[in-house]
Amino acid sequence: MLFRSELEIKALSVIYPDAAGFSEKKGSPPHYEVYKLNEKGEREPDGLCFLSTDFAPKVKGYAGRIKILIGMNKKGQIKGIKVLSHNETPSYTQALQETEYTDQFKKHDHKSEYILGTDLDGITRATVTSLAVNAAVERSVKYAANKFYQLEVKQKGSFKWKDIFLNYDLYIITLFFILSIYFYLKGISNARYFILTGAIIYFGFVKLNFISIISLINIFAGRIPDLISSLSWYLLFVFTLISTIIWGRIYCGWICPFGAIQDILGKISPFHVKIKNNDEKKARLIKYILFVIIVGAVFFTGNTGFTNIEPFNAIFKLEGDIFIFIFLIFLLFSSLFIFRFWCRYLCGVGAFLSLISSYSIFPLKARKECSLCKKCEDLCPVEICDVDDDVFLNQGECIQCNICREKCKEKAIGN
């Protein structure tokens, strides 16, 4: 007998409610045969129930395969689906368990196109997951309909690399980084606020696309999404990694939407609290400790809920429990007094990028023209300049805001 979980057994009658019974799990790929009662009151085959991970194992979501139990009758019509397990970020994908989302698949069969936004509604701000669910259901249903009932199915054409260039995210994300790097290298700090405003709108509210702890954990664990359906995610991560290796934390200072909100709050706030240097250094260690604890907890328990400390979903999607909203208010309020409070002391992604930035190829540094006027120390919003130190600044903690370079009268600061 093939392995079947208790969760599978309970879900069978949910996705195929009018069934008169189910067989044991059998066959290849493994499946359950569904029975109905005929006019004589005898049981006869009516359809199948099967797992998407058995029928379409290559389909991956944002964080790996999504296990979906699918019910289909002999005509190739979907009777119901239920997501049994996944590794997607819980706070982004609660709709996977809602009947309003899963019931829409009942309108489709082995002939349907399963086009997101046309045939099926996706999960708001979880496009990668939505595409994965669509693909898993479509491929599974079409494969089962053809293999077991010899129904004719229309397969989608194979992917062509030129399709990538039809994705507008490719150009928008590339433009954001090109402009950020250009103005950074030119030493123009004011242009940063135009880019930050655009980042809040595009990366935050429109796409909900940013680097998060769960993104890093998935990469560490080798759970990476499909390239084509997740192109914008790959672009953002690759551009962030490359720019950090070369210059430092360009992403943090110019692209990150939550960092941008804090940055703008700090810019308009008349209240600024300076922290003593030793206390500042100790406080920065918190984000490294949190990063290690969260990553370790997720790896050892498999529970991605530990990453819910990140406020991104709460501010850009307005979803979460009361505690995360209280935490969000605290962070935004703190940013009025301490510039980029979350980024400096609590952000796990900031800790990770800081480690890379510490060894960047072309960091900001003071040239021999430096007169030791210490103006950069007073102007640095994240308080990491120290002209008495031979290294000039804390390379890993610098967010490349360019204020010190732009305001330096001797033009003694550069890459």
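For the structure itself, consult the block above.
Please read these numbers as outputs of a predicted model, since none were measured by experiment.

Asks: Describe unusual backbone geometry, and please don't skip the residues or the numbers.
Replies: For the peptide bond that leads from Ser28 to Pro29, omega is -5°, which places it in the cis range. One can find Pro29 in the loop between β1 (21-22) and β2 (32-37). A positive phi angle, near 55°, is found at Glu383, a position not held by glycine. Along the chain, Glu383 falls in the loop between α16 (375-379) and α17 (403-407). For Glu383, a relative accessible area of 15% puts it in the buried group. Backbone geometry places Asn402, a non-glycine residue, at a positive phi of 80°. Here Asn402 shows up in the loop between α16 and α17. Residue Asn402 is classed as buried on the basis of its relative accessible area of 1%.

Asks: Kindly report on helix α13 (residues 322-335), identifying the contributing residues and their values.
Replies: Compared with an ideal rise of 1.5 Å per residue, which puts 14 residues at 20 Å, α13 spans 20 Å between its outermost C-alpha atoms and is within 8% of the ideal. Turning to α13, its buried residues are Ile324, Leu328, Leu331, Ser334 and Ser335. Taken down its axis, α13 places every buried residue within 130° of arc, on the same side. Of the exposed residues in α13, the ones pointing more than 90 degrees away from its buried face are Ile322, Ile326, Ile329 and Phe333. Contact partners of the buried residues in α13: α10 (257-268), α12 (312-317) and α14 (341-345). The backbone nitrogen of Phe323 lies 3.1 Å from a side-chain oxygen of the residue at the head of α13, namely Asp321.

Asks: Before we move on, could you go through the nonpolar core and cite the residues and values that matter?
Replies: Core analysis: the largest hydrophobic core is formed by 74 residues, its most contacted members being Phe203, Tyr251, Ile255, Phe258, Phe316 and Trp342. It is helix α6 (residues 191-206) that contributes the most residues to this core, 7 residues altogether. Residue contacts for Phe203: discarding those within four places in its chain leaves Ile173, Phe176, Gly198, Leu208, Asn209, Phe210, Leu236, Ile255 and Pro257. Ranked by size, the runner-up nonpolar core spans 30 residues in total, among them Ala56, Ile78, Leu96 and Tyr114.

Asks: Give me the packing of helix α7 (residues 213-220) against helix α15 (residues 348-357): which residues, what numbers.
Replies: At a minimum axis distance of 8 Å, the contact between α7 and α15 shows a crossing angle of 55°. With respect to their mutual orientation, α7 and α15 come out oblique. Residues Ile213, Leu216 and Phe220 of α7 lie in contact with α15, whose contacting residues are Gly348, Val349 and Phe352. Across the contact of α7 with α15, the residue classes break down as 5 nonpolar, 1 polar and no charged.

The rules behind these values
- Residues numbered from 1 in each chain as written.
- Predicted model: local features only at pLDDT ≥ 70, side-chain atom pairs only at ≥ 80, totals over all residues.
- Heavy atoms only, no water.
- Helix = DSSP H or I, 4+ residues; strand = E, 2+ residues; numbered from the N terminus.
- Buried < 20%, exposed > 50% of the residue type's maximum accessible area, 1.4 Å probe, protein only.
- Expected span 1.5 Å × (residues − 1).
- Arc of directions from axis to C-beta.
- Contact = heavy atoms within 4.5 Å.
- Polar contact = N/O pair within 3.5 Å; in protein donor to acceptor, adjacent residues only side chain to side chain.
- Core = buried A, V, L, I, M, F, W, Y, C linked by side-chain atoms within 4.5 Å.
- Axes fitted to C-alpha atoms, helices over the stretch in contact; angles between N-to-C directions.
- Parallel < 35°, antiparallel > 145°, perpendicular 65-115°, else oblique.
- Nonpolar A, V, L, I, M, F, W, Y, C, P; charged D, E, K, R; others polar.

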